[in-house]
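# Coordinate analysis (summary)
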Amino acid sequence: MNFERTDLVGRAARYAALADPVRLRIIDLLTLGDVAPVELQTELGISSSLLAHHLNLLEREGMLVRTRSEADRRRTYLHLAPGAFDGLIPSPAVGVRRVVFVCTGNSARSQLAAALWHDASEIPVASAGTHPADAIEPGAIAAADRHGLTLRASQPQGLDQVLEADDYVITVCDTAHEELGRTGRLHWSVPDPVRDGSEAAFDAAFEDIAARIQSLAPRLTTTAKG
């Protein structure tokens, strides 16, 4: 009974945290991807002090977490906390023609994301890099093999070779996101496994991306004509 009461109180607190148009919009955005506070301020058109108030309240109720950018250490990213949306209804599905995952080198994270998406959704997928590497990282290939997944590309591709006007771009790299700005539709702040180089780092990136795709895939519908 005590557990049930605590759970109800916690759920009520989360509903109360969402009982404001600004906070509800923040959570709606975070269900799709990660956002820097400065980007939220531009999106919402509110002062930094008011934004800080809303973010602190959502963080207090366990609905968001913050991490530091791997590219610009002065910048932070906001993430939807695990389990924050349990029992609540997410925003409606979005119609897209093709999903394109982007990182800097197109050698690890975006390659894993494209392969995972291909297995999870019928919506076409591609991947690209803002500064493509010469080859796919062996660690990414090995991680895919460990999870029974086959990478779909034989070598990295540049964004200019892949991107089309109506693509739904998801950046999976802080550096690529900060370089592209609003070109990307969503951002997932996935730590770079290449910097660490260990199996654990590549597996962590794989699992992070896989969990995000599992959440997002059912919410995207295809606009491609058969």
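Summarised in this report is the structure supplied together with it. This structure is a prediction, so every number in the text was calculated from the model and none was measured.

### Quick word on the pairing of strand 4 (residues 99-103)
With five of five residues buried, strand 4 is to be regarded as a mostly interior element. Burial along strand 4 is two-sided: the residues V99, F101 and C103 and V100 and V102 are all buried. In terms of strand pairing, strand 4 meets strand 5 (residues 125-129) through five bridges, oriented parallel. In the strand pairing of strand 5, C103 is matched with G129. In this view, the connection linking strand 4 to its parallel neighbour strand 5 by way of helix 5 (residues 109-120) has right-handed handedness.

### Quick notes on helix 2 (residues 21-30)
Within helix 2, burial applies to R23, I26, I27, L29 and L30. When helix 2 is viewed along its axis, its buried side chains cluster within an angular range of 160° and face the same direction. Sitting at the head of helix 2, D20 places a side-chain oxygen 2.9 Å from the backbone nitrogen of V22.

### Things to note about the pattern of salt bridges
In total, this model carries 17 salt bridges according to the counting rule given. E164 is paired through a salt bridge with R97; the nearest N and O atoms lie 2.7 Å apart. With E164 in the loop between helix 7 (159-162) and strand 6 (168-171) and R97 in the loop between strand 3 (94-96) and strand 4, this residue pair connects regions lying 67 residues apart in the sequence. Residue E164 is classed as partly exposed on the basis of its relative accessible area, which comes to 41%. In this structure, the salt-bridge partner of R98 is D167, at a minimum N-O distance of 2.7 Å. Of this pair, R98 sits in the loop between strand 3 and strand 4 while D167 sits in the loop between helix 7 and strand 6; the two residues are 69 residues apart in sequence, bridging distant segments of the chain.

### Some points on the side chain of S189
Tracing the chain through its elements places S189 in the loop between strand 7 (186-187) and helix 9 (193-196). Judged by its relative accessible area of 8%, S189 falls in the buried class. Here D174 takes part through its side chain, which lies 2.8 Å from a polar atom of the side chain of S189. Setting aside its immediate chain neighbours within four residues, S189 contacts D34, T67, Y77, H79, D174, D208 and R212.

### Comments concerning the sheet that holds strand 5
What the four strands build is an open sheet, ordered 5-4-6-7; its pairing is parallel. Two strands close off the open sheet at either side, each with one partner strand: strand 5 and strand 7. Relative to strand 7, strand 6 runs parallel, the two being bridged by two bridges. When the bridges of strand 7 are listed, T171 appears paired with H187.

What counts as what
Sequence order as written defines the numbering, with residues in each chain counted from 1. The predicted origin of the model limits local features to residues at a pLDDT of at least 70 and limits the giving and counting of side-chain atom pairs to 80 or more, whereas totals for whole chains, interfaces and linings rest on all residues. In computing side-chain values, all of the structure's heavy atoms are included and hydrogens and water are not. Partly exposed describes any residue whose relative accessible area lies between the buried limit of under 20% and the exposed limit of over 50%, with all areas from a 1.4 Å probe on protein chains only and scaled to the type maximum. A helix here means a DSSP run of H or I that spans at least four residues, while a strand means a run of E at least two residues long, and both kinds are numbered starting from the N terminus. Any two strands are treated as partners once DSSP identifies two or more bridges connecting them. Handedness rule for crossovers: strands pointing away from the viewer, path from the first strand over the helix to the second running clockwise, crossover right-handed. Taken from the helix axis, the directions to the C-beta atoms give the arc we talk about. Here a polar contact means two N or O atoms within 3.5 Å. Within protein one must be a hydrogen donor candidate and the other an acceptor candidate, and residues neighboring in sequence count only if both atoms are side-chain atoms. Any carboxyl oxygen of Asp or Glu within 4 Å of a side-chain nitrogen of Lys or Arg constitutes a salt bridge here. Residue contacts follow a heavy-atom distance rule, with two residues in contact if any of their heavy atoms lie within 4.5 Å.

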